[in-house]
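Okay, here's what each chain looks like letter by letter:
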Amino acid sequence: MVVSIEDNVFKGNTQITSVTIPRNMRNIGSHVFDGCTSLTKVVWNAISCSSASVYDDGTWYLAPPFMDYTTFDSNVEEVIFGDEVTYVPVAMCMNMSKLKNVKFPNKVTAIDEYAFNYCSSLESVTIPENVLYVGSMTFNDCANLKSVTWNAINCNNYISNSGPMLYNYDTQSSAVEQFVFGEKVECIPVYLCSGMSKL
């Protein structure tokens, strides 16, 4: 049973069109699908899997597993999360510029930092009821993200040390025009709607 995929395993493979990450996966290394230019679909069943962060000459940087490091982009158009997924790892979908929609399963409790950073085609997102933690800059620079539905009942662990989760640092604002709170919401996290001048 595979529980870990190390660095660069499928790097440069232009024949892969889709990939399914199994439920027991615990770790995915850096540059795993770098240069997989035909990869358009990801099925993510990993219940709680971490993705790589890399130290290079003492400097920490993100290492999104599905990003092409030549173009700093990705051809992935569809990401499907399995029903048992509880955690979305750091920078998992970072730079997926062709990703338009994402649906989180109800069991998700944490969406980590930079998870959808620079997903410029993402138009809407719904945060499920059981989410307790959302990392900083999770949807940073999602230039077309105009609609957010926030159903998280008691998400009080939102971390904003690097910046708000829904903010475009190129325009110093947010594209969000509609923000809907679910009826069960009890806690609205700090800085949640910061910079939303179009709201």
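S.K.: What am I meant to see in the packing of aromatic side chains here?
M.R.: The description of an aromatic ring pair rests on the distance of the ring centres and on the angle between the ring planes. This structure, assessed with the given rule, holds nine aromatic pairs. Geometrically, the ring pair formed by F10 and F33 is stacked, given 5.3 Å between the ring centres and 5° between the ring planes. Of this pair, F10 sits in the loop between β1 (4-5) and β2 (18-21) while F33 sits in the loop between β3 (27-28) and β4 (41-44), and the two are 23 residues apart along the sequence. By relative accessible area, F10 is classed as partly exposed at 32%. Pairing F81 with F104 gives two aromatic rings, centres 5.7 Å apart and planes at 35°, and the pair type is tilted. A residue pair is termed long-range when its members are at least 10 positions apart, and F81 in strand β8 (residues 78-81) and F104 in the loop between β9 (87-88) and β10 (110-111) qualify at 23 residues. Of the residues examined, F81 reaches a relative accessible area of 7% and is grouped as buried. The structure contains a cluster of three or more aromatic residues connected by ring pairs, namely F10, F33, W44 and F66.

S.K.: Please clarify how the sheet that holds β4 should be interpreted in this entry.
M.R.: Sheet strands line up and pair through hydrogen bonds in the backbone, either parallel or antiparallel. Ordered by their spatial adjacency, three strands build an open sheet running β2-β4-β8, and the pairing between neighbours is parallel. On the outer flanks of this sheet lie β2 and β8, each paired with one strand and no other. For this sheet, the mean angle separating the axes of adjacent strands, direction not counted, is 10°. Sheet analysis places β2 next to β4, joined by four bridges and oriented parallel. From the neighbouring strand, T20 faces β4, where its bridge partner is V43.

S.K.: What should I look at first to understand unusual backbone geometry in this one?
M.R.: Of note, the phi angle at M137 is positive, near 55°, even though the residue is not glycine. Structurally, M137 can be placed in the loop between β12 (133-134) and β13 (147-150). You will see that D141, though not glycine, has its phi angle at about 60°, which is positive. With respect to the helices and strands, D141 occurs in the loop between β12 and β13.

S.K.: Any chance you could explain the pattern of salt bridges here in plain terms?
M.R.: A pair can form between side chains of opposite charge whenever their charged atoms are brought close. Across all of its chains, the model carries three salt bridges by this definition. K107 is the salt-bridge partner of E84, the closest N and O atoms lying 2.9 Å from each other. With E84 in the loop between β8 and β9 and K107 in the loop between β9 and β10, this residue pair connects regions lying 23 residues apart in the sequence.

Conventions used here
Residues numbered from 1 in each chain as written. Predicted model: local features only at pLDDT ≥ 70, side-chain atom pairs only at ≥ 80, totals over all residues. Heavy atoms only, no water. Phe/Tyr/Trp six-rings, centres within 6.5 Å; stacked < 30°, edge-to-face > 60°. Helix = DSSP H or I, 4+ residues; strand = E, 2+ residues; numbered from the N terminus. Buried < 20%, exposed > 50% of the residue type's maximum accessible area, 1.4 Å probe, protein only. Pairing = 2+ DSSP bridges. Axes fitted to C-alpha atoms, helices over the stretch in contact; angles between N-to-C directions. Salt bridge = Lys/Arg side-chain N within 4 Å of Asp/Glu carboxyl O.

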